[in-house]
Amino acid sequence: MDMDAATAVAARFARFARDEAPGRSVLYGAWAQAIADDRGLAEALTAVPANRRQPPLVFAVMRLLGAPEDDLGAWAEWVRRHADKVGAECAGRSVQTNEPLRCAALLPALALIPGPIALLEVGASAGLCLYPDRYSYRYTAADGRVRRLDPPGGESPVVLEAVLSGEPALRLPEVVWRAGIDLNPLDPREADTRAWLTGLVWPGETGRRERVEAALDIAAADPPLLVRGDGAAALPELAARAPAGATLVVTTPGVLPHVPAPHRADVVAAARAAGRWITIDPVGLHDGLAPVADTWPGGFALALDGQVLAAVDPLGASVAWHPESSPSPQ
């Protein structure tokens, strides 16, 4: 029994219970605290590979495998009996937060690029962020004013709601080609994809499962081109397949924090070499973003070709347009 590993498991889940679960998921908070407090549970979860012990991943796998959710004691006993199975399933899975709401954060940057657009996402999962033109948007300002955007055919089954400050230009892009790269691309038409992506929604997150399901329906009806591969290595060949006459836009929304630090610069360089580049990243994560003012509010930044445009929620729930932002229509 690797007691050091059990101690690390307990500490990791204790941090999650304290810092991440509150306000998002009562169930995940209770599960994480139970692991932190129960040495036997922590020891059982050393069966999960060390690089797959992210609590949201472990918990999503437990739910996928049928862990009981209505009785903490029954759940704990289930974990002890099924720890090896949980570990094996986690080994082949990763957190692929394919949140279509991120399009609400990407849209103000996309609006600065003349169309038609060929859209290519690094870390695309099932490609749900490749349909910004197929979704509806409701941006609410502090004074209650709502800026509404709908596709030409009317309100989309996917309505993305975000809080907005500032006055960015907002318009739906003209997307004529959609492609993505992922280490493990998911087919939006497959039942397993639907089960996994909806299972990654934390219990208690209102509306998110329904949003993902509706976006999966849109993607399944017109699947994007998804290729398996490393972002930097696969990008040039896939970018070369974009149609002539369209502006290639490479997006990396929230993926670079998950790329090993020595490799991030390669992904940024490949994205910038391929075409226009839109990213959502923590400020200071890499050297691809221009320096921001000392008054930067912190958190994640929306940037176009390295120019920071807005402070955004990493999943798209808010956009604070930066006062110094200026259009970069090239």
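This structure is a prediction, so every number in the text was calculated from the model and none was measured.

Draft legend 1. Examining the packing of helix 9 (residues 231-239) against helix 10 (residues 261-274) more closely. Relative orientation of the contacting elements helix 9 and helix 10 amounts to 10°, with a least axis distance of 8 Å. By the angle between their axes, helix 9 is roughly parallel relative to helix 10. Between helix 9, through Ala232, Leu235 and Ala239, and helix 10, the contact on the second element is made entirely by His263, Asp266, Val267, Ala270, Ala271 and Ala274. Counted by class, the contact of helix 9 with helix 10 contains 7 nonpolar, 1 polar and 1 charged residues.

Draft legend 2. Examining the nonpolar core more closely. Membership of the largest hydrophobic core comes to 80 residues, with the highest contact counts inside it found for Phe59, Met62, Trp75, Tyr135, Tyr137 and Leu302. Of the residues forming this core, the biggest block, 7 residues, is contributed by helix 6 (residues 102-110). Formed by 28 residues, the second largest nonpolar core is a distinct cluster that contains Ala118, Leu235, Ala239 and Ala246.

Draft legend 3. Quick peek at the sheet that holds strand 7 (residues 247-253). Spatially, 11 strands are ordered 3-2-4-11-10-9-8-7-1-5-6 in an open sheet, and the strand pairing comes out mixed. Of all strands in the sheet, those bounded by a partner on one side alone are strand 3 (146-149) and strand 6 (225-228). Neighbour to neighbour, the strand axes of the sheet diverge by 25° on average, direction disregarded. Where strand 8 (residues 276-282) and strand 9 (residues 300-304) come together, 5 bridges link them in antiparallel fashion. In the sheet register, isoleucine 280 faces strand 9, and the bridge partner there is leucine 302. Sheet strands touched by helix 9: strand 1 (117-122), strand 5 (175-182), strand 6 and strand 7. Its angle to strand 5, the strand with the most contacts, is close to 150°.

Draft legend 4. The arrangement of the pairing of strand 3 in detail. For strand 2 (residues 136-140) and strand 3, the ladder comprises 4 bridges, and the chain directions are antiparallel. Of the residues in strand 3, the one forming a bridge with tyrosine 137 is leucine 149. Connecting the antiparallel pair strand 2 and strand 3 is a turn made up of 5 residues, with glycine 144 showing a positive phi of about 90°.

Draft legend 5. A look at the environment of serine 94. On the secondary structure map, serine 94 appears in the loop between helix 5 (72-91) and helix 6. Residues serine 94 and valine 61, spaced 33 residues apart in sequence, show a C-alpha to C-alpha distance of 9.8 Å.

Draft legend 6. Structural detail: the environment of alanine 214. Checked against the element boundaries, alanine 214 lands in helix 8 (residues 208-221). On the basis of relative accessible area, alanine 214 is assigned to the buried category, the value being 13%. Along the primary structure alanine 214 and alanine 233 are separated by 19 residues, whereas in three dimensions their C-alpha atoms are 32 Å apart. With sequence-adjacent residues up to four places away left out, alanine 214 is seen in contact with Pro157 and Val158.

Draft legend 7. Focus on the packing of helix 4 (residues 55-64) against helix 5. Where helix 4 meets helix 5, the closest approach of the two axes is 10 Å, and the angle between their N-to-C directions is 105°. Classed by the angle they form, the pair helix 4 and helix 5 counts as roughly perpendicular. Contacts between helix 4 and helix 5 pair Leu57, Val58, Val61, Met62 and Leu64 from the former with Trp75, Trp78, Val79, Val86, Glu89 and Cys90 from the latter. Class assignment of the residues belonging to the contact of helix 4 with helix 5 gives a composition of 10 nonpolar, no polar and 1 charged.

Thresholds applied
- Residues numbered from 1 in each chain as written.
- Predicted model: local features only at pLDDT ≥ 70, side-chain atom pairs only at ≥ 80, totals over all residues.
- Heavy atoms only, no water.
- Axes fitted to C-alpha atoms, helices over the stretch in contact; angles between N-to-C directions.
- Helix = DSSP H or I, 4+ residues; strand = E, 2+ residues; numbered from the N terminus.
- Parallel < 35°, antiparallel > 145°, perpendicular 65-115°, else oblique.
- Contact = heavy atoms within 4.5 Å.
- Nonpolar A, V, L, I, M, F, W, Y, C, P; charged D, E, K, R; others polar.
- Core = buried A, V, L, I, M, F, W, Y, C linked by side-chain atoms within 4.5 Å.
- Buried < 20%, exposed > 50% of the residue type's maximum accessible area, 1.4 Å probe, protein only.
- Pairing = 2+ DSSP bridges.

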